Amino acid sequence: MKLKILVGTMTSTADYVAQAIQMDCADLVEDIEVQLMDALDSSVFNADHAKDAVYLICSSTYGSGDVPDNARALYESLSSNPQFLGHVRYGVIALGDRTYLQTFCFGGKKFDERLQDLGAQRIGEVWCHDASSGTMPESEGTEWCRQWLTLALQSETAGSAAG
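Residues numbered from 1 in each chain as written. Predicted model: local features only at pLDDT ≥ 70, side-chain atom pairs only at ≥ 80, totals over all residues. Heavy atoms only, no water.

Section: the pairing of strand E4 (residues 89-96)
Right, on to step 1. Among the eight residues of E4, eight are classified as buried, and the element is accordingly described as predominantly covered.
Right, on to step 2. Burial along E4 is two-sided: Arg89, Gly91, Ile93 and Leu95 facing one way and Tyr90, Val92, Ala94 and Gly96 facing the other are all buried.
Right, on to step 3. Where strand E3 (residues 53-59) meets E4, five bridges bridge the pair, whose relative direction is parallel. Bridge pairing in E4 places Cys58 opposite Ile93.
Right, on to step 4. Bridge count for E4 against strand E5 (residues 121-122) is two bridges, and the pairing is parallel. Within E5, the residue paired with Arg89 across the bridge is Gln121. (Buried < 20%, exposed > 50% of the residue type's maximum accessible area, 1.4 Å probe, protein only. Helix = DSSP H or I, 4+ residues; strand = E, 2+ residues; numbered from the N terminus. Pairing = 2+ DSSP bridges.)

Right, here's the structure in full:
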């Protein structure tokens, strides 16, 4: 199984989280690719790219609950070029600040909603990190991801056994 971490970020925090996961989870998944969402569109989820892969959306929240600037083209292309994504298995790390309760972690939550609408299969729950909590998103994110990857590996094994 391959883990493809797609990063939406304004200040690089989501990228730091993705890089920490890449280093910390190499014992669970041999092939971990971190890719900034810059210049990506919905074709990143094509069946040939998604084969034997699980995606992790790692996104901060910007402005009034928006996806980061570097993620906007990918996010918008999921609406402008909709395609059925039933072959896509994914998880979400959403970064935000609970001080902004009305839009807390909306960057990641918006990706989750859009992917679900297109038939993609989310593994586990969306993990939200609160910047105002005083905890490090890199360490908490890698801890969450290790548990999430265990679920992803179990669901892949179950899917292979059923197929």
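Looking at the environment of Ala53
Right, on to step 1. Structurally, Ala53 is set in strand E3.
Right, on to step 2. A C-alpha to C-alpha distance of 24 Å links Ala53 and Ser80, two positions 27 residues apart in sequence.
Right, on to step 3. In contact with Ala53, not counting residues within four places along its chain, are Lys2, Lys4 and Arg89. (Contact = heavy atoms within 4.5 Å.)

Let's talk about the pairing of strand E1 (residues 2-8)
Right, on to step 1. Along E1, six of the seven residues are buried, which leaves the element largely enclosed by surrounding structure.
Right, on to step 2. Where E1 meets strand E2 (residues 31-36), six bridges bridge the pair, whose relative direction is parallel. Its bridge partner lying in E2, Val7 is registered against Leu36.
Right, on to step 3. Handedness of the crossover is the feature at issue here: the chain leaves E1, passes through helix H1 (residues 13-24), returns alongside E2, and the resulting connection is right-handed.
Right, on to step 4. Strand direction decides the pairing type here: E1 and E3, joined by seven bridges, are parallel. (Right-handed = clockwise from strand over helix to strand, strands pointing away.)

Observations regarding helix H4 (residues 106-117)
Right, on to step 1. The first and last C-alpha atoms of H4 sit 16 Å apart over 12 residues, in line with the 16 Å expected at 1.5 Å per residue.
Right, on to step 2. When we look at burial in H4, the residues that qualify are Gly107, Gly108, Phe111, Asp112, Arg114 and Leu115.
Right, on to step 3. On its buried face, H4 sits against E3, helix H3 (72-80), E4 and E5.
Right, on to step 4. Gly119 sits one or two residues past H4 and shows a positive phi near 95°. (Expected span 1.5 Å × (residues − 1).)

That's the geometry; what it means functionally is another story.
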